[in-house]
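Residues per chain, in single letters:
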Amino acid sequence: MAAEPTVDGGPASGLPPRFAALHRELGIPSNYAVTRGLPFHGEVDEATLVDVGPSPDGRPVRLVPSAADAWHRLRQAAMNDGVELVAVSGFRSVARQTEIIRSKLQAGRALPDILTVIAAPGFSEHHTGRAIDIGTPGYLDLEENFAETDAFRWLQARAGGFGFHLSYPRGNAWGITYEPWHWLFCPPD
Ligand SMILES: [Zn+2]
């Protein structure tokens, strides 16, 4: 598939200066990307995003058009099988990612602990507009118990056919907690 345009671009070698400065400010070690093996994700141009929401709490859920189309088809196919999928969260800006980490730090959580549940700015798949957090009625809080639902079982069986893949399975190599709700649209070429 064609690369989605990004604002910051970002070569794999070395962090763009804006991100290096943000990481310094938050106290994120300069070897974060190397030790975690996480790929850099530039921030997609927000003007290209379309809203597939609202989320259960009334906020927009924005994705790039290709992912939005695939999401609509995925959701409809699930509905045809009697499974309701709910879009909880989509695009997240680098600024918002930074704000979330900052507020956790201010609440007294240790940085290494925070970085097991949220990626450093520039390393969240949500920056790309191709990642979506999915829930189902009764399971909208993005908790691990989503894995026990028919919705999750349906996704495991069918989402790949729509180009969606589970990014952070149990015991993933990146040291990110198991996220059964987090799916990335990444269709084969
Ligand atoms: Zn997510």
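The rules behind these values
Residues numbered from 1 in each chain as written. Predicted model: local features only at pLDDT ≥ 70, side-chain atom pairs only at ≥ 80, totals over all residues. Heavy atoms only, no water. Donors = N, O, S within 2.8 Å, 3.2 Å for Na, K, Ca; no water. Buried < 20%, exposed > 50% of the residue type's maximum accessible area, 1.4 Å probe, protein only. pLDDT = per-residue confidence, 0-100. Contact = heavy atoms within 4.5 Å. Core = buried A, V, L, I, M, F, W, Y, C linked by side-chain atoms within 4.5 Å. Helix = DSSP H or I, 4+ residues; strand = E, 2+ residues; numbered from the N terminus.

Student: Would you mind going over the coordination of the zinc ion with me for this structure?
Tutor: For a metal with four donors in a tetrahedral arrangement, the ideal angle between donors is 109.5 degrees, while six donors in an octahedron ideally sit at 90 or 180 degrees. For the zinc ion, the full set of protein donor atoms is His126 (NE2), Asp133 (OD) and His182 (ND1), at a range of 2.0 Å. Counting along the primary sequence, the residues that act as donors to the zinc ion give the motif H-x6-D-x48-H. When sorted by exposure, His126 lands in the same class as Asp133, which is buried.

Student: Where do I start with the confidence of the model for the protein chain in this structure?
Tutor: Atomic detail in the predicted coordinates should be set aside for any region of low pLDDT. Per-residue confidence for the protein chain gives a mean pLDDT of 91, with 93% of residues at or over 70. Per-residue pLDDT stays below 50 along residues 1–13; that stretch engages in 25 contacts with residues further than four places along the chain or on separate chains.

Student: What's the story with the nonpolar core in this structure? I'm lost.
Tutor: Within soluble globular proteins, side chains that are nonpolar generally end up buried alongside one another. In terms of nonpolar packing, the biggest core is built from 32 residues, with Trp71, Leu74, Leu85, Ile134, Trp154, Leu155 and Phe164 touching the most fellow members. When contributions to this core are tallied by element, the ones reaching two or more residues are helix H3 (65–80), strand S4 (131–135), helix H6 (150–158) and strand S6 (182–185). In terms of residue count, the dominant contributor to this core is H3 (7 residues). Beyond its immediate sequence surroundings of up to four residues, Leu85 is in contact with Trp71, Leu74, Arg75, Ala78, Ile134, Gly135, Ala151, Trp154 and Leu155. Counting 19 residues, the second largest nonpolar core, distinct from the first, contains Phe19, Tyr32, Val94 and Phe123.

Student: Help me understand unusual backbone geometry, please; the structure alone is not making it clear to me.
Tutor: Excluding glycine, residues mostly carry a negative phi; peptide bonds, for their part, are mostly trans. Omega for the bond connecting Gly53 with Pro54 falls within 30 degrees of zero, at 5°, which places this linkage in the cis form. Mapping Pro54 onto the fold places it in the loop between strand S1 (50–51) and strand S2 (62–63). The phi angle at Leu142 is positive, at roughly 55°, despite the residue not being glycine.

Student: Help me understand the environment of Trp71 in this model?
Tutor: Within the secondary structure, Trp71 is located in helix H3. For Trp71, a relative accessible area of 1% translates into the label buried.

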